[in-house]
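For reference, the chains in residue letters:
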Amino acid sequence: MILAVDVGNTNIVLGLYEGRTLRRHWRLSTNRSATADEYGILLTNLFQLAKVRVEEIEGVVLANVVPPLTPTLERCFRQYAGKEALVIGPGIRTGLNIRYENPKEVGADRIANAVAGLELYGSPLVVVDFGTATTFDYLDESGAYIGGAIVPGIGISAEALYQRAAKLPRIELVKPPTVIGRNTVVAMQAGMIYGYAGQVDGIVRRIAREFNVQPRVIATGGLAELIASESETIEKVDPLLTLEGLRLVYERNRNL
């Protein structure tokens, strides 16, 4: 089995693959101050709940956008899974033609999304990942990774509104009953949900015009379902796209 680990600023998503099949997956909070042993205890407990022996883990692949956690997690996997993690970064074979000005700047999660998106859905393609930041990644008709756009995520945008506007409350991010709120909470929910759906559609349509293509649009990330239900351009939600990309990258580097 392969352990795929996607470390974001808010959550860590782990997946256990048996061949090409995702056997189990979990979502944990990202804790930047946790030690290797603390993460190891969590990992051990997850394995026990899944009835998986450490000896069954053939390899570990890691995408991490929180650089200070990389050495901590590498020690954790070395000690508690008995494996050296394959860390997505420069020098790793991805199979992508990356045409970013500085490929080292592209986040490992965005690379994984592009790898899986191209494999599963073809190109031209736009992948929208709703995480702490919302990212848009475009792959052209040849399958080359061209670049994308990055905007503040819906969660931190809502939190910023609460923090910076004295009379506005902290709200739950759910679909409101109407686009015109008749109370403050519904008005804020309408602005966040429908505003973000409009933002997604606007950026996707601009990409289509700029490159004169009609790309497929795939969404992933924790809030993808919520926004995709109101978007006119998102075709499909694939919540575990990043994990699939990590599995593919691991396979492409297995015998190197």
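Before reading further, recall that the structure is shown in the block above.
Nothing here was measured: the structure is a model prediction, and the numbers come from that model.

### Considering the packing of aromatic side chains
Alright, step 1. Under the criterion given, the structure shown has 2 aromatic pairs.
Alright, step 2. Note on Y100 and Y145: the rings are 6.2 Å apart at their centroids and 50° apart in plane angle, and the pair reads as tilted. Of this pair, Y100 sits in the loop between strand 5 (85-87) and helix 3 (108-121) while Y145 sits in strand 8 (residues 145-152), placing them 45 residues apart in sequence.
Alright, step 3. Using a relative accessible area of 0% as the deciding quantity, one classes Y145 as buried.
Alright, step 4. On the basis of an interplanar angle of 35° and a centroid distance of 4.5 Å, the ring pair of Y138 and F211 is categorised as tilted. In this pair, Y138 is assigned in strand 7 (residues 133-139) and F211 in helix 5 (residues 184-211), connecting sequence segments 73 residues apart.
Alright, step 5. In this structure F211 comes out as partly exposed when scored by relative accessible area, which is 35%.
Alright, step 6. Here R247 stacks its cationic end above the ring of Y17, 5.9 Å away from the centre of that ring.

### Some thoughts on the pairing of strand 2 (residues 11-18)
Alright, step 1. For strand 2, a buried count of 6 out of 8 residues is recorded, marking the element as mostly surrounded by other parts of the structure.
Alright, step 2. Sheet topology note: the strand 1 (residues 2-7)/strand 2 ladder contains 6 bridges and is antiparallel. By the bridge assignment, V5 is partnered in strand 2 with L14.
Alright, step 3. Here strand 2 folds back onto strand 3 (residues 21-29), and the loop between the two strands holds 2 residues, one of which, G19, carries a positive phi near 65°.

Rules behind the numbers
- Residues numbered from 1 in each chain as written.
- Predicted model: local features only at pLDDT ≥ 70, side-chain atom pairs only at ≥ 80, totals over all residues.
- Heavy atoms only, no water.
- Phe/Tyr/Trp six-rings, centres within 6.5 Å; stacked < 30°, edge-to-face > 60°.
- Helix = DSSP H or I, 4+ residues; strand = E, 2+ residues; numbered from the N terminus.
- Buried < 20%, exposed > 50% of the residue type's maximum accessible area, 1.4 Å probe, protein only.
- Lys NZ or Arg CZ within 6 Å of the ring centre and 35° of its normal.
- Pairing = 2+ DSSP bridges.

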